[in-house]
Amino acid sequence: MSTNTVDRQTQSAPPARRRGATLTQRQGRWGLLFAAPATIHIALWTGLPVVVSIILSFTNYDMLNPPEFSGIDNYVTLANDPVFWKALGNNFIMAVVGIPISMLISLALAVMLNQGLRGNSIFRTAVFLPHVTATVAIAMIWLWIYSPGGNGLLNIVLGFFGLPNQAFLASPSQALPSVILVTIWQGIGLKMMIYLASLQGIDQQLYEAADIDGASAVQKFFRITIPMLKPVTFFILVTSIVGNFQTFDLIYNLTNGGPANSTTVITYQIYQTAFQQFRMGLATAQSVVLLVVLVVLTIISRKVTGGKDD
Amino acid sequence: MTLRRRDFLAASGVSLSALALAACSGSGSGGGGGNGGGGGEISLLTPEFAGTTGKAALETGILDGFFEGTDYSYKVDYTDWTKLNEKLSTSVAGGLVADVIMPGAGWVEPFAHKGVLTELPESLLDGLPVNENLLAQCRYEGKLHALPYFVDGRICIYNRALFDAAGIAEVPTNLDDLREALKEVTPDGGVGIDLFSSNIRQTWSHLLGCYGGRLFNDDGTAVAFDDGSGLAALQYMLDLVADGTANFDVKGAEGQPRPWQQGQAAVDLLNSSLWPSFTEQSPELVTEDAMGMFLLPSAEAGGDPVMWTGGTLLTMSSRTQHADKVQELLSYMLEAEPLLTAVTESGKVPARTDIEDPVVTDNLMAQYTIDNFGYATAFEGGSPAWMEIRGLVAPELEAAVTGQKTAQQAIDALTAAAQDALSRV
């Protein structure tokens, strides 16, 4: 009997040691429990569709009949499709031209507004307004501004200066720059607000120390402001790239990808392929390519902006 | 029994997964079935009757009159033409197809081929005063799958003052004459004819008809516009651009008056359903004294003029559980009074030719379209692959019109794309 008691005590000793070790494990389990809803949510609504899309990209699927495995046919079709490459190229042009310009303008505006000028809030609201305005409404306004006839606002202005009418959205050579201008105008507001918030978070002691060292305004801007904005610049760059490659509603309402596919973008092509041509397999292959492009661009952005996003 | 944390975690995980799966399966199965008995709900999918007044016209003005006192109710899903295709396709994929669908010209073959639309009895046409030309777009493999509800014709309107000033008393009777006449009437800084405010694909297919061509062969399995007619139609457009009598840059923006209304075009190739907006925006221009009308003439001297016709059709889903009641509804919607309510709202041309109400008779464009039903042809469609092909047409035509491709290159590319689509049917 006593032996048994000793045995039990002996056997119960290791759990006493484990109790100390399980504190971390317990925390880990609670962590898992708290993370479970978000994990399940992401797995179901993001992970699963991504996996299904990748699978569907290797099939012929028209929504009405069951998918048929087609190997890499869809990817071969994409590789040989000039319109797809045109769309991809347009996205790159919009990103390479539009994003840096809009970031520079946003930064300049944010620095100006950070000086505490009079009418600050009115100006801030005005710049932010395009971001919260429905894209359909924006497109309608810009359709009028760009109207190729004599009643378009820009052509009226050109006419005032004795310049000839321009086709803008009706011209294959002018349509994409015209669209880029709208994306810049539309995107400045949010970027400016983020820059402004970040500027206001920079420790003023840094500037005071620089003043004591005799640094000029330009030196302070390039040696303190810009480096301190690096994390937020990375954030803006990545979200702008992702947003740029997801541009759809503006193209849909402004140009329908035309004229002659001169303003088509990947998301518009995905829409056309999926919902106008019912080639879901091909459309998901386009989506997979878009996903890969975005991942690669995000990695490159990370490298370009210094490898830190915190 | 003690409840350990591990058990709790496992149970939570299983429960959440089950809950999520249950939620998924619940939403997927909700649309099946229907009441096959003496009552139920009939659903309609329409790209027409937009906005508050449109909804009131359809529901209060038309549907209430049919459903009142019956065991049936109705539900209307409103969309617009640009979204009808995806709405219809996704609803088919989701198993929630409306009982009554209102597609357009060219839609019957693709959706009948896919088994979405079902055949209608020919008896629905008994006593219905509808021109036979309007029924071509309603048939698939020779069988009736749709009824024409209201239509729109592509007609040319012209500014009489400009024609009078140029000394042109008679409207052109062939495309060569039209080309020459346009050179005479082109206003300064404007164009002779506004070819591009309307859908360029439809304009081209209209001209295709003028050259005696069509998009597909009889059974819709092969391209037919590669016989030279497609090239001739596109080349004609390029010739007008080269003459300076048509210009891709001169076209009306969304929601704004068209160039013809602004004096920038002598002739406008337009959709007859624009009458309400024209009478509202520029009533002084659309009187019989100020405006003349003609149909696009044939390419051949002495040939018949050509009227491109589109329209809104009434069709029945193959999955409906209430086929008899749906057919009754379709017949009712084509009765004179409900149809008049519909065309009053839409400004379009009733498919029936016996409506003498001022809404129709005072609409000069509608009346002209009705008077020319004998020349009406729906040039779009004709193949089960049409929905896939139609989105590919405009970019190729635009490339030619803007000088990026020759007409031959554009037609060759279009032919190849169409053949590729046809090969998948």
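Residues numbered from 1 in each chain as written. Chains lettered and ligands numbered in written order. Predicted model: local features only at pLDDT ≥ 70, side-chain atom pairs only at ≥ 80, totals over all residues. Heavy atoms only, no water.

For chain B, the name recorded in an unreviewed UniProt entry is Extracellular solute-binding protein, with Occultella glacieicola as its organism.

Per an unreviewed UniProt entry, chain A goes by Sugar ABC transporter permease and derives from Occultella glacieicola. Turning to chain A, the UniProt annotation filed under Sequence similarities (unreviewed entry) states: "Belongs to the binding-protein-dependent transport system permease family." Chain A has a UniProt comment under Subcellular location (unreviewed entry) that states "Cell membrane". (UniProt positions renumbered as here; feature names shortened; annotations may be inferred.)

J.: Tell me about the confidence of the model for chain B, residues and numbers included.
T.: All names here are of chain B. Summarising the model, chain B shows a mean pLDDT of 88, and 91% of its residues fall at 70 or more. By mean pLDDT, helix α1 (residues 5-28) is the weakest element of chain B at 40, and helix α8 (residues 229-243) is the strongest at 97. Confidence drops under pLDDT 50 across residues 5-36; counting only partners more than four residues distant or on other chains, this segment forms 22 contacts. The complex model carries a pTM of 0.83, and its ipTM stands at 0.78. (pLDDT = per-residue confidence, 0-100. Helix = DSSP H or I, 4+ residues; strand = E, 2+ residues; numbered from the N terminus. Contact = heavy atoms within 4.5 Å.)

J.: Would you mind going over the nonpolar core in detail, with residue names and values included?
T.: Grouped together as the largest cluster of nonpolar side chains are 193 residues, with contacts concentrated most on B:Tyr149, B:Trp204, B:Leu329 and B:Met365. Ignoring anything within four residues of it in the chain, the contact list for B:Leu329 reads B:Ile42, B:Leu44, B:Leu63, B:Phe66, B:Phe67 and B:Val100. (Core = buried A, V, L, I, M, F, W, Y, C linked by side-chain atoms within 4.5 Å. Buried < 20%, exposed > 50% of the residue type's maximum accessible area, 1.4 Å probe, protein only.)

J.: Outline helix α6 (residues 175-185) of chain B, listing residues and values.
T.: The α-helix winds at 3.6 residues per turn, so residues separated by three or four positions along the chain end up facing the same way. All names here are of chain B. For α6, the full list of buried residues reads Leu175, Leu178, Ala181, Leu182 and Val185. Along α6, the residues classed as buried sweep out an arc of 115 degrees about the axis, all on the same side. Seen from the open side of α6, the exposed residues pointing more than 90 degrees away from its buried face are Asp176 and Glu184. Turning to α6, the residues buried within the fold contact α5 (160-165), β7 (191-194), α7 (200-210), α8, β8 (265-271) and β9 (291-294). You can read the cap of α6 off the contacts: a side-chain oxygen lies 3.0 Å from the backbone nitrogen of aspartate 176, and it is on asparagine 174. (Arc of directions from axis to C-beta. Polar contact = N/O pair within 3.5 Å; in protein donor to acceptor, adjacent residues only side chain to side chain.)

J.: Give a description of the pattern of salt bridges that names residues and reports values.
T.: Side-chain pairs of opposite charge can arise where the charged atoms are in close proximity. All names here are of chain B. This structure, assessed with the given rule, holds 20 salt bridges over all chains. The residue arginine 258 makes a salt bridge to aspartate 268 at a minimum N-O spacing of 2.8 Å. Here arginine 258, found in the loop between α8 and β8, pairs with aspartate 268, found in strand β8; they are 10 residues apart in sequence, far enough to count as distant. Accessibility expressed as a relative area gives 11% for arginine 258, which makes it buried. The structure contains a network of salt bridges with shared partners spanning Glu122, Glu132 and Arg139. (Salt bridge = Lys/Arg side-chain N within 4 Å of Asp/Glu carboxyl O.)

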